[in-house]
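A look at the structure
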Amino acid sequence: MATYDLLVRGGLVFDGTGAPGRAVDVGIRGGKVVAMAPDLPAADAGEIIDADGKWVIPGMVDVHTHYDAEVLVSPGLGESVRHGVTSVIYGNCSMSAVYADPEDVADLFARVEALPWDAVHSALKEHKDWDGPRGYRRFIESLPLGANVATLIGHSDIRAAVMGLARATDYAERPTSGELARMRAMVTDALDAGFVGLSTDRLRFSKLEGTRFAGRQLPSTYATWREYGALYDVVRRRGAVVQSNLDVEKRPETIMHFLLSGARPWRRSLKTTLLAAFDLKSNRSVIKLLKAATGGLNPLLRSQVNFQLLAVPFHLYSDGMDLVIFEEFASGTAALDIRDQLQRVDLIKDEGYRRRFRKEMAQKYGVVAWNRDMYDTEIVGCPDESVVGKSFGQVADARGVQPVDAFLDLVSEYPGKVRWHTTIANDRTDVLNEAIKYPHFQLGNNDSGAHLRNMSFYNAGLRLLKRVKEAGEAGAPFMPLEAAVHRLTGELGEWYGLDAGRLRIGDTADIAVIDPAGLDDSLEEYHEQYMEEFGVSRQVCRNDQAIAATVVGGQRVYSYGTFVEGFGSTFKAGRFLATS
């Protein structure tokens with residue numbers, strides 16, 4: 001019998017605890033790390049990965065994904081695996097696919113996460129054969145997973161299943177005492193099945209898709225704080241996690257999250273992770289306020305509130321108006337309520353609509369995600385090639401019209417064919433560096449598997465490591481490499497109670513072998529790839545020289561742009577990660 005099934009030789013090993021790297025080999029047998037020492041015997045190793053000159057780290061943990069539908073049809077989750085991510089958490093933002101029927105699930109996901117309704121519906125209708133969380137877990141465990149998966153149970157999922165989607169999205173309706181008891185039991189069943197916790201949603205622009213209730217908000221947003229508290233108590237008693245979205249414009253709601261998280265003599269604190277920590281161009285005070293709130297209220301209330309931070313500039317693409325930031329104001333929402341492009345054009349050409357749109361685009365008071373500066377944009381695709389490479393503001397100057405009108409003219413003349421981008425947050429290097437170090441900001445919010453045409457942050461972890469590497473090389477380090485690895489791996493695995501993020505003897509061998517020479521500008525480049533399972537071309541990351549190997553459960557699944565044979569179809573490496 002081979003001494004090791006797999007031997008990772010010659011690398012600088014970071015164990016995910018924050019300890020400095022060590023020059024040791026890693027011996028793996030039976031899916032576990034069994035040896036870590038220099039010069040381990042290689043003669044009879046089943047497979048050897050040459051890690052000379054490379055960093056060997058625990059596989060990265062992506063805590064904010066929306067892979068709930070994709071995992072059913074493409075269980076390899078290759079867009080994460082190829083960037084050194086070995087464990088993902090989905091079921092975020094109150095949406096999961098456990099209890100509700102396929103039509104309701106498609107209505108929940110399609111608009112707010114910009115996923116094709118038909119694809120989500122088909123995936124659930126074809127594959128759903130489970131009844132409740134235990135059956136769901138068994139089904140997921142039967143799939144040829146490429147990465148490890150963990151999931152939250154979504155409040156909108158259980159609310160729709162218990163109350164029906166019509167009542168669950170009506171402010172006049174409240175769950176009966178029996179319905180609330182049933183929802184509590186559903187959360188309990190999910191936690192019993194090993195789910196990470198519960199996700200909820202407070203964002204006013206999280207909207208439903210479909211033909212029945214399109215434009216209504218997600219069910220979770222209609223709940224009272226009493227309902228949240230009743231469900232949170234179930235999570236609290238189990239030491240599990242609550243994830244939610246914060247409506248920062250409503251300051252009292254921010255305080256409520258801390259109060260619900262806080263410990264009392266008769267109860268423990270509740271681990272709470274919120275969206276999101278952004279250095280918004282539209283309001284530079286937000287990130288300061290979130291630091292002040294967490295730094296002051298957590299010790300005062302004995303709460304455990306963290307805000308998820310995207311560790312890279314928040315760069316968004318859009319085809320015309322198909323972008324969630326237009327949900328921030330009424331006229332933008334009105335356009336997105338119309339899915340037929342030609343009918344939307346009729347609306348956009350209406351002068352009354354244009355007056356409302358101009359007025360609302362100019363209203364930038366309060367907390368908004370987008371600065372709505374049409375000069376701070378770039379058109380990257382349009383049948384009129386003369387405008388490509390310009391901002392809508394520059395087009396307006398050339399045409400002698402208002403910037404907003406230049407935008408509306410182009411998207412109505414070429415419906416669905418004007419592709420443009422902007423950066424709405426995290427653009428200041430020094431502020432982002434400080435945020436990355438801040439202990440109450442949790443590295444996440446990558447939204448992997450969602451907004452397929454709008455963003456691609458699958459490689460956010462690699463981009464952070466590049467940032468740390470280059471800062472050190474420039475003589476201006478802001479974080480030790482081992483600390484960055486810890487924040488991307490062990491810190492997250494421990495906080496969520498998962499067997500993930502550590503690389504020590506006895507740990508499951510989930511590993512990313514990183515080639516630092518591949519941490520170059522290709523990590524920021526734009527790419528698209530057709531996703532056959534969903535029938536769309538989606539935005540992806542392609543930096544194939546950065547990951548020398550991704551190892552999941554002791555098996556090498558990926559190396560320098562190539563997946564192992566059968567990946568995502570017949571070859572299984574990942575596990576369902578139940579909470580400890």
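Conventions we followed
- Residues numbered from 1 in each chain as written.
- Predicted model: local features only at pLDDT ≥ 70, side-chain atom pairs only at ≥ 80, totals over all residues.
- Heavy atoms only, no water.
- Axes fitted to C-alpha atoms, helices over the stretch in contact; angles between N-to-C directions.
- Helix = DSSP H or I, 4+ residues; strand = E, 2+ residues; numbered from the N terminus.
- Parallel < 35°, antiparallel > 145°, perpendicular 65-115°, else oblique.
- Left-handed = near helix turned anticlockwise from the far one by under 90°.
- Contact = heavy atoms within 4.5 Å.
- Nonpolar A, V, L, I, M, F, W, Y, C, P; charged D, E, K, R; others polar.
- Pairing = 2+ DSSP bridges.
- UniProt positions renumbered as here; feature names shortened; annotations may be inferred.
- Expected span 1.5 Å × (residues − 1).
- Buried < 20%, exposed > 50% of the residue type's maximum accessible area, 1.4 Å probe, protein only.
- Polar contact = N/O pair within 3.5 Å; in protein donor to acceptor, adjacent residues only side chain to side chain.
- Domains from an automatic or database assignment.
- Buried area = accessible area lost by both parts, 1.4 Å probe.
- Salt bridge = Lys/Arg side-chain N within 4 Å of Asp/Glu carboxyl O.

1. So, the packing of helix α13 (residues 341–349) against helix α16 (residues 403–413)
It is the contact of α13 with α16, at a shortest axis distance of 9 Å, that shows an interaxial angle of 150°. With respect to α16, the axis of α13 lies roughly antiparallel. Remark: the crossing between α13 and α16 carries left-handed chirality. Side by side, α13 and α16 meet where Val345, Ile348 and Lys349 of the first sit next to Leu408, Val411 and Ser412 of the second. Across the contact of α13 with α16, the residue classes tally to four nonpolar, one polar and one charged.

2. Focus on the sheet that holds strand β6 (residues 48–50)
An order of β5-β4-β1-β6 is seen for the four strands of this open sheet, with the pairing classed as mixed. In this open sheet, the two edge strands, each paired with only one partner strand, are β5 (32–37) and β6. Taken pair by pair, the neighbouring strands of this sheet meet at an average axis angle of 15°, ignoring direction. Bridge count for strand β4 (residues 25–29) against β5 is five bridges, and the pairing is antiparallel. Directly across from Asp25, in β5, lies its bridge partner Ala37.

3. Examining the UniProt feature "domain: Amidohydrolase" (unreviewed entry) in the protein
When the UniProt feature table is mapped onto this chain numbering, "domain: Amidohydrolase" (unreviewed entry) sits at residues 47–202. Each end of residues 47–202 is marked by a C-alpha atom, and these two atoms are 49 Å apart; helix forms 42% of the span and strand 16%.

4. Brief notes about helix α14 (residues 351–362)
The end-to-end C-alpha distance of α14 is 17 Å, a good match for the 16 Å that twelve residues give at a rise of 1.5 Å each. Residues of α14 that are buried: Gly352, Tyr353, Arg354, Phe357, Arg358, Glu360 and Met361. Near the N-terminus of α14, the side chain that reaches the backbone nitrogen of Gly352, with its oxygen 3.1 Å away, is that of Asp350.

5. Some remarks on the domain arrangement of the protein
The domain boundaries assigned to the protein delineate domain 1 (60–315 + 425–452) and domain 2 (318–423). Each of domain 1 and domain 2 was reduced to a C-alpha centroid, and the two centroids are 29 Å apart. Counting residues at the interface gives 20 residues for domain 1 and 17 residues for domain 2. Across the domain 1/domain 2 interface, buried area totals approximately 1600 Å², and carbon plus sulfur atoms make up 51% of it. Summed over the shared surface of domain 1 and domain 2, the result is five salt bridges. A salt bridge links Glu327 to Arg111; its shortest N-O distance comes to 2.6 Å. The interface formed by domain 1 and domain 2 includes eight residue pairs in polar contact (both at pLDDT 80 or more).

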